[in-house]
Amino acid sequence: MRNMVNDVVAVIGGSSGIGKESAKLFADQGAQVVLIARGTDRLRETAAEIQNQGRRADVMKADVASLDEMRTAAERIKATYGKLDVLIYSAAGFYLSPVETMDLTVAKQLMEINYWGALHTTQAFLPVIRKGERKSMVYISSLSAQCTPPFFTAYAATKHALRGFLLSLRQELRPEGIHVGMVSPGPVQTPLIEKDLHQDMYRLPFGIPVLKPESAAKAVLRSVKTRKGDLVVPARIAAAARLAAAFPSLVETYYRLSIPGWRKHIESLVGRRPI
Ligand SMILES: NC(=O)c1ccc[n+]([C@@H]2O[C@H](COP(=O)([O-])OP(=O)(O)OC[C@H]3O[C@@H](n4cnc5c(N)ncnc54)[C@H](OP(=O)(O)O)[C@@H]3O)[C@@H](O)[C@H]2O)c1
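Quick look at the structure, then. (Residues numbered from 1 in each chain as written. Predicted model: local features only at pLDDT ≥ 70, side-chain atom pairs only at ≥ 80, totals over all residues. Heavy atoms only, no water.)

### A look at helix α3 (residues 67-81)
Okay, so step 1: Across its 15 residues, α3 extends 21 Å between first and last C-alpha, which sits within 8% of the 21 Å expected from 1.5 Å per residue.
Okay, so step 2: If you follow the buried residues of α3, they end up packed against β1 (8-12), β2 (32-37), β3 (56-61) and α4 (104-129). (Helix = DSSP H or I, 4+ residues; strand = E, 2+ residues; numbered from the N terminus. Expected span 1.5 Å × (residues − 1). Contact = heavy atoms within 4.5 Å.)

If you want it as C-alpha cells, here you go:
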C-alpha cells in the first residue's frame, strides 16, 4: 500500500540498522526519503537499494554533533522539497565499560550523538517540520532507559537524558499538533552492538529476545501512523518495561536471578570485590 506518496521523510542515521530499515519501509509506502549520516559510502549504498526498488531516496552528509551541519541539512530539505512531514532520529553510538576504567572521551562522544545530536536535530528541523502536513518526529530511545543493566552507565545515561528531553518536548509541541514519538527497542541485531552482544558485559537475561531491525522499523511506522507517544519493541514486554521503570529494583533482582553466578560475574569484570 503506497499511502504516503506526498510525504517527505528525513531519517537521521538512515544508512544502517534501524534507520536504514525505517527508510526502506517509508519509501515502500511511497514517501520521498532523505537519508542523513556522516559516511557517504553507506548512505549511497542504502539510497541505491531503495532506488533499485523504484522508490525515492536522496542523501545528505551531516554530523549530528554539529548544529550548523544539521541546520544546513534542514535548509537543503526546505529548499528542495519545501517541507518535511516526518523526522526519524536514529543516530547513536554505543559503549559498555565498568565505570572506573571508562574512556571518558568515548563516553562524552556518546552524549554528543545520542543526546546533544537529538537536540541539535530538533532545533534545526522544527521550522521545516512546521511546513509539513503530517508533523511527526520519532526518536529511537532504548529499553535501557527503562530497564537498565550493569556496565551500561555511559549509554544508558544518554538514553535517560533523551527520554527526559522527549517527555518534556512532546508537551511543548502538542498545542501545535506536532507528534513526538519515542520508540524503545530491546537488543537489535545491527552494527551498533554486533561486537558487544553476548560478550561478557552484555549478558541477556531470560526472556529478552534479539530483534531484527525490521521489527523496530515497523514500530517507527506505527508510531507515525497512530501518533502514539511511547512504543516498546517487542510490544509484548511493554507492560514489564513500564513496571521496571517504576520499580528499578525489579530489574536488579531479575538480572541477579536469571544470570547464573551473577555476583562472581560482576566481580570478575570489575576486577575487585564489591562491598
Ligand atoms: N541495536 C540495538 O541493540 C539497539 C537497541 C535499542 C536502541 N537502539 C537505538 O536505535 C537507534 C539506531 O541504532 P542502530 O542499532 O540502528 O545503529 P547503527 O546500525 O549503528 O546505525 C547508526 C546510524 O547512525 C549514524 N550516525 C552515527 N553517528 C552519527 C553522527 N554523529 N551524525 C550523523 N549520523 C550518525 C550512522 O552512520 P555514520 O556512522 O556513517 O554517521 C548510522 O547510519 C539508536 O538510537 C540506538 O541507540 C539500538
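Once you've had a look at it, read on.
### Things to note about the pairing of strand β7 (residues 230-233)
Okay, so step 1: Bridge analysis of strand β6 (residues 179-185) against β7 gives four bridges, and the strand direction is parallel. Bridge pairing links Met-182 to Asp-230 in β7.
Okay, so step 2: Regarding topology, helix α6 (residues 213-226) serves as the crossover connection from β6 to the parallel β7, and that connection is left-handed. (Pairing = 2+ DSSP bridges. Right-handed = clockwise from strand over helix to strand, strands pointing away.)

### Describing the site of the ligand
Okay, so step 1: Near the ligand there are 29 residues, and of these Ser-15, Ser-16, Tyr-155, Val-188 and Thr-190 occur at the shortest range.
Okay, so step 2: Interatomic distance of 2.7 Å between a side-chain N/O atom of Ser-15 and an oxygen atom of the ligand.
Okay, so step 3: A distance of 2.8 Å separates a nitrogen atom of the ligand from a polar atom in the side chain of Asp-63.
Okay, so step 4: Elements that contribute at least two residues to the shell around the ligand include exactly α1 (17-28) and α5 (153-173).
Okay, so step 5: Among the residues forming the shell around the ligand, the class breakdown is 15 nonpolar, ten polar and four charged. (Near = heavy atom within 4 Å. Polar contact = N/O pair within 3.5 Å; in protein donor to acceptor, adjacent residues only side chain to side chain. Nonpolar A, V, L, I, M, F, W, Y, C, P; charged D, E, K, R; others polar.)

### What about the pattern of salt bridges?
Okay, so step 1: Under the counting rule described, the total for this entry stands at eleven salt bridges.
Okay, so step 2: The closest approach of N and O atoms between Glu-49 and Lys-20, which form a salt bridge, is 3.0 Å. Taken together, the residues Glu-49 in helix α2 (residues 40-52) and Lys-20 in helix α1 connect sequence positions 29 residues apart.
Okay, so step 3: Here Glu-21 makes a salt bridge to Lys-24, at a shortest N to O gap of 3.5 Å. On the criterion of helical spacing, the pair formed by Glu-21 and Lys-24 is a turn pair, its members being three residues apart in helix α1.
Okay, so step 4: Judged by relative accessible area, Glu-21 falls into the buried class, the value being 14%.
Okay, so step 5: Given a relative accessible area of 26%, Lys-24 falls into the partly exposed group.
Okay, so step 6: The structure contains a network of salt bridges with shared partners spanning Lys-20, Glu-21, Lys-24 and Glu-49. (Salt bridge = Lys/Arg side-chain N within 4 Å of Asp/Glu carboxyl O. Buried < 20%, exposed > 50% of the residue type's maximum accessible area, 1.4 Å probe, protein only.)

### What to know about the sheet that holds β2
Okay, so step 1: The seven strands lie next to each other as β3-β2-β1-β4-β5-β6-β7, forming an open sheet whose pairing is parallel. For this open sheet the edge positions go to β3 and β7, each flanked by a neighbour on one side alone. Each neighbouring strand pair of the sheet contributes to a mean axis angle of 20°, computed without reference to strand direction.
Okay, so step 2: Contacting β4 (86-89), β5 (136-140), β6 and β7, α6 runs over the sheet at an angle of about 160° to β6. (Axes fitted to C-alpha atoms, helices over the stretch in contact; angles between N-to-C directions.)

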